[in-house]
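Report on the structure
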Amino acid sequence: MNPPSIAILDFGSQYVQLIARRVRENQVHSLIFAPNVSPEILQRHSVIGIILSGGPSSAYNHSAPQPHPGLLNMGVPVLGICYGMQAVCQQLGAKVQAAAQREYGRTTLERTADDPLVRHLPARTTVWMSHGDVVTGLGEDFVTLARTPHSPFALVRHRSRPLYGIQFHPEVTHTPEGAQILRNFLFDICNARPTWNAGNILDQAVEQIRERLRGEAHVICGLSGGVDSSVTAALLHRAAPDKLTCIFVDNGLLRLHERARVEAIFRGHFRMDLHVVDASKRFLERLRGVIDPQEKRIRIGHEFIDVFREEAARIPNARFLAQGTLYPDVIESGHSAAGTAANIKLHHNVGGLPAELGFELIEPLRDLFKDEVRMIGELLGLPEEIVWRHPFPGPGLAVRILGEVTPERLELLRPADQIIIEELTAAGWYRKVAQAFGVLMPVSSVGVMGDGRAYQGQHVIAVRFVESTDFMTADWVHIDPNVLSRISSRITNEVAGINRVVYDVTSKPPATIEWE
Ligand code: XMP
């Protein structure tokens, strides 16, 4: 059942997931594996090509991760990138050493021979380098296809086997011909076919869900209104509409009109069996007097589990629980095909459900990247406002109100936040930023309103727009100041109780994206 796949071996490069996505952008399935994965495992996954990523190690160190020697004899094409190239060349007798001069950034690649891998490349082109080691003695088995001023062996291939090495990084956009090199590798060398497209992904997912849900058992899906849970719900609904019940918990910490929107889409448009639980009172009660951000998270997390458990108990025959886990989560938790614990990231688990609930898990997006999830979301007919929605934290507005969360403060933040999103969208910036929101600072600052001085009961809204690809780091957005002007003027005019609007110009690190 596995689609023909390109294996990416993770030698610790920050670009591993990027390489996997670049392959999938060509409609070819890719999977990430541990660096020492065996040929048998790769065969089991229908691997038709192998890419060895870069990494921080030096191939000549004893402790450096090495590819399984059997990989090079499988008859499957191999492309080693940076460290991956050095590891392959060294296994086949070449010499790897620390470079006399480290090479970072752009340089010019000059093609010196013809080969399917460099087909359609100009004679000279820019490439992006980032390495401290180099292959110095190539040995008899390799030929050079291209060089740069500091790397005589910038692109090499084995004389008789389909084994390639690239010293630069074809996966980054700073290497303009990188995409062409990857296409050459996939289609001309691995003979891949572009079949991993939204339609096929969807058909396959639907078929797998139907297989799992044979029989009487029902599936419950916790719907938050975010992209992942929405696509999960729509997918399950496509596969087994009569066996799905969605649960939406209104925790009182949602954005303006959030609940109504979810109801309109899933109950109205899709006609799903949607249970909406109004638990706002319970949550606000549990948050009373709490000012510590982590304590807020813990209480919200526990309350969510309690509410969900109670509601799920009302659903007869419920055996499965659907979750919108994505491939990057799987990789980062060390449960991917890689079976490695590389890059473990601590996840905020608020909004998650513990295994003790006793359901069998269905995770139909486990093999997908976010952009693929969005593609199938569109294909399933979810509206743009869901498919392209920014992430929203599980604890919701509670971590966007500094200090205690009260109904009055929520009533101040909600309309202000709505204005921020409306103006950002109207200006055409929504899709250009990763997250956009307002933060309520419940401090008083002096203002003039009408002819008088306004101080008591007047609070501050901070506007935060960030750019980010992985949310581990983020930059503040250099937004058009006219957008900020409109936001400021609308908030101070339309939201009684706010007399000052500020813009957050801090990146992550040192700040986090959320203020709490
Ligand atoms: P920070 O603030 O840590 O946020 O830079 C990184 C990303 O995680 C989101 N976030 C959360 N998501 N529960 C969540 O589900 C949480 O407790 C939580 N805290 C932060 C944040 O919105 C950003 O996308």
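It should be noted that the structure appears before, not after, this text.
First, a word on scope: everything that follows refers to the structure included in this document. Source: prediction; values computed, not measured. (Residues numbered from 1 in each chain as written. Predicted model: local features only at pLDDT ≥ 70, side-chain atom pairs only at ≥ 80, totals over all residues. Heavy atoms only, no water.)

Structural notes on the overall build of the chain
Convention followed: Helix numbers and strand numbers start at the N terminus; a helix is a DSSP run of H or I with at least 4 residues, a strand a run of E with at least 2. Within these notes, the globule rule equals 2.2 Å times the number of residues to the 0.38 power, and the radius of gyration is based on C-alpha atoms. For each residue, the accessible area found with a 1.4 Å probe, counting protein chains only, is set against the maximum for its type, and the residue is called buried under 20%, exposed over 50%, and partly exposed in between. Should any heavy atoms of two residues lie within 4.5 Å, those residues are considered in contact. Using a 1.4 Å probe, accessible areas were evaluated by the Shrake-Rupley method; residue-level cover was limited to the displayed protein chains. The charge count includes Lys and Arg as positive and Asp and Glu as negative, but it does not include His or the ends of the chains. The atom standing in for a charge is NZ when the residue is Lys, CZ when it is Arg, CG when it is Asp and CD when it is Glu.
Counting its regular elements, the chain contains 14 helices and 20 strands. For a compact globule of 516 residues, the expected C-alpha radius of gyration is about 24 Å, and the chain comes in at 26 Å, within 12% of that figure. In terms of its C-alpha atoms, the chain occupies a principal-axis envelope of roughly 85 × 65 × 40 Å. Among the 516 residues that make up the chain, the fraction classed as buried is 54%. Taking contacts inside the chain between residues at least 6 apart in sequence as the whole, the part at least 24 apart equals 74%. Accessible surface for the chain amounts to roughly 22,900 Å². Of this, 50% is attributable to carbon and sulfur atoms. For the chain, the separation between the mean place of its 52 positive charges and that of its 57 negative charges on side chains is 1 Å.

Comments concerning the sheet that holds strand β12 (residues 273-278)
Test applied: Here a strand pair is declared whenever DSSP counts at least two bridges between the two strands. To get an axis, fit a line to the C-alpha atoms, keeping to the stretch in contact for a helix; angles then go from 0 to 180 degrees between the N-to-C directions.
On the basis of which strands lie adjacent, the open sheet formed by 5 strands has the order β12-β11-β10-β13-β14 and parallel pairing. This sheet does not close on itself; its edge strands, each paired only once, are β12 and β14 (360-362). Put simply, the sheet's adjacent strands are angled 30 degrees from each other on average, direction ignored. Alignment of strand β11 (residues 244-250) against β12, held across 6 bridges, turns out to be parallel.

Here we look at the sheet that holds strand β2 (residues 29-33)
The strand order across the open sheet formed by 9 strands is β2-β1-β3-β4-β9-β8-β7-β5-β6, and the pairing between neighbours is mixed. For this open sheet the edge positions go to β2 and β6 (124-137), each flanked by a neighbour on one side alone. Each neighbouring strand pair of the sheet contributes to a mean axis angle of 20 degrees, computed without reference to strand direction. Its contacts with the sheet place helix α1 (residues 16-25) against β1 (5-9), β2, β3 (47-52) and β4 (78-81), and it is angled at close to 160 degrees to β2. Against the sheet, helix α3 (residues 83-91) makes contact with β3, β4, β5 (95-111), β6, β7 (142-147), β8 (155-158) and β9 (163-166), and its axis sits at roughly 120 degrees relative to β4, the strand it touches most.

A look at empty space enclosed by the protein
Spelled out, the test is: Cavities and pockets are found on a 1 Å grid laid over the protein atoms alone: a cavity is a set of points where a 1.4 Å probe fits but cannot escape, a pocket is an open set with protein on both sides within 12 Å along at least five of seven lines, and a lining residue has an atom within 4 Å of such a point. Grid points are joined across faces, edges and corners, and a volume is the space filled by probe spheres set on the points. Under the scheme applied here, ten amino acids are nonpolar (Ala, Val, Leu, Ile, Met, Phe, Trp, Tyr, Cys and Pro), four are charged (Asp, Glu, Lys and Arg), and all others, including Gly, are polar.
Under the counting rule described, the total for this entry stands at 1 cavity of 30 Å³ or more. Computed from the structure, the largest cavity encloses a volume of approximately 30 Å³. Together, Val134, Val135, His150, Ser151, Pro152, Phe153 and Gln167 line the largest cavity. Here the lining of the largest cavity is composed, by residue class, of 4 nonpolar, 3 polar and no charged.

Digging into the nonpolar core
Just so we agree on the cut-off: We define the nonpolar core as a collection of buried residues of types Ala, Val, Leu, Ile, Met, Phe, Trp, Tyr and Cys that are connected through side-chain atoms lying within 4.5 Å of one another.
Formed by 67 residues in total, the largest nonpolar core has its most connected members in Ile50 and Ile51. Membership of the second largest hydrophobic core comes to 48 residues, among which are Val277, Leu412, Ile420 and Leu440.

Concerning the packing of aromatic side chains
Think of a pair of aromatic rings as described by two things: how far the centres are apart, and how the planes are tilted against each other in angle. So the rule is basically this: Geometry of aromatic contacts follows a simple scheme: Phe, Tyr and Trp rings, the Trp one being its six-membered ring, pair when their centres are within 6.5 Å, and the pair is stacked under 30 degrees between planes, edge-to-face over 60, tilted otherwise.
Evaluated as defined, the whole model comprises 7 aromatic pairs. Arranged with centres 5.9 Å apart and planes meeting at 35 degrees, the rings of Phe304 and Phe308 form a pair that is tilted. Residue Phe304 and its partner Phe308 are located together in helix α9 (residues 293-312), separated by 4 residues, close to a single helical turn. Taking the relative accessible area as the measure of exposure, Phe308 reaches 0% and is therefore buried.

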